[in-house]
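Each chain, letter by letter, is given below.
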Amino acid sequence: MRYQLSIPVTALALLALAACGTERGGGAGSGDTVAPDVPLAGVRWSVESVSVDGTKTASPSDAYVEITDKGRAQGNYGCNHFGADITVEGDTVTVGPGEVTEMACDKKIQGFEDALRAAFSGKLKAKLTDGRLTLTTEKGDTIALTAERPSPLIGTKWTVDSLVADETATSLPAGTEGKAHLTIAEDGTVGGSLGCNRFTSTAKVSGDSITFGRLASTRKLCPGPVMDLERELVQVLKQGTVKYEVKHRALTLTASNGKGLAAYADMR
């Protein structure tokens, strides 16, 4: 996956706050504060909308931001992933140069990403109220974010959005986005789609591992890219026991050979 330097992102700003905890505005007479009601560190923030030059654009997909324990901001615009360094002084966030992936995006999502980049530059003021975070630029443009609740492993529909090999994520074959998904039920059964064919199995969760049982699926033939995706997913699920990790609304399954998949909680 290639990366390039990108215009700083606001989501990153949010993360900067998380890195520094809750801080008060710096100058004398400054009454602005980042309220400590909701801790920012370790929270995944969902981007709800961006307002630029008085025009509000709602997030068309799963745009989010979070911060690592090393002070790096990371997240997803809704299509492309990003990362950057950030600094915070009181309630002022300054976003440094960052990186962004170069995946082709739907026009609607691309428009939203462009709006984010326009708003996420220079110094930003942060205001936190009842779990809602607002970042405001010097021009008065704003970004609205809310704290997300983590999605449970059981009962959530997990839609596959990338493949994993030795901790490196790669995009899905063109035209297969949103087609593959799985859901683990309370009774231990698993069902979903491999991209073309439906499948069923069983799953036993123990610690940070899931052991899948025998995989049964339909036998339809589909276009090449879809079948390529199916073969990759079958190789992961047929490994039997895989490691899993849930971070907020993201799930990663990794087999002992280093291959795996990443998926997001599909709330539709």
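Throughout what follows, the structure given in this document is the object of discussion. (Residues numbered from 1 in each chain as written. Predicted model: local features only at pLDDT ≥ 70, side-chain atom pairs only at ≥ 80, totals over all residues. Heavy atoms only, no water.)

**A short note on the pattern of salt bridges**
Using the criterion set out here, one finds nine salt bridges in the structure. Here glutamate 48 makes a salt bridge to arginine 132, at a shortest N to O gap of 2.8 Å. With glutamate 48 in strand S2 (residues 45–52) and arginine 132 in strand S9 (residues 132–137), this pair connects stretches of sequence that are 84 residues apart. Looking at glutamate 48, the relative accessible area reads 32%, which means it is partly exposed. Of the charged contacts in the structure, one is a salt bridge between arginine 249 and glutamate 148, with a shortest N-O distance of 3.5 Å. Of this pair, arginine 249 sits in the loop between strand S18 (241–247) and strand S19 (250–254) while glutamate 148 sits in the loop between strand S10 (142–147) and strand S11 (157–165), and the two are 101 residues apart along the sequence. Judged on exposure class, the residue arginine 249 and its partner glutamate 148 are both buried. Because the salt bridges share partners, they merge into one network encompassing Arg44, Glu148 and Arg249. (Salt bridge = Lys/Arg side-chain N within 4 Å of Asp/Glu carboxyl O. Helix = DSSP H or I, 4+ residues; strand = E, 2+ residues; numbered from the N terminus. Buried < 20%, exposed > 50% of the residue type's maximum accessible area, 1.4 Å probe, protein only.)

**So, the state of the cysteines**
Scanning the entire structure with this criterion turns up two disulfides. The residue that forms a disulfide with cysteine 79 is cysteine 105, at a sulfur-sulfur distance of 2.2 Å. Classification of the bridge connecting cysteine 79 and cysteine 105 rests on its S-S torsion, roughly -90°, and on that basis the disulfide is left-handed. One end of the pair, cysteine 79, is in the loop between strand S5 (72–76) and strand S6 (81–89); the other, cysteine 105, is in the loop between strand S7 (92–101) and helix H2 (107–119), with 26 residues separating them in the sequence. The burial state of cysteine 79 is the same as that of cysteine 105; both residues are buried. A sulfur-sulfur distance of 1.5 Å marks the disulfide that ties cysteine 196 to cysteine 222. On the S-S bond that ties cysteine 196 to cysteine 222, the torsion sits near 55°, and the link is right-handed. Residue cysteine 196 is located in the loop between strand S14 (189–194) and strand S15 (198–206), and its partner cysteine 222 is located in the loop between strand S17 (216–217) and helix H3 (224–237); the two are separated by 26 residues in the primary sequence. Taking relative accessible area as the criterion, cysteine 222 reaches 25% and is therefore assigned partly exposed. Looking at the protein, its bonded cysteines, counted consecutively from the start of the sequence, adopt the pairing 1-2, 3-4. (Disulfide = S-S within 2.5 Å.)

It is worth stressing that arrangement in space is one thing and function is another; only the former is reported here.
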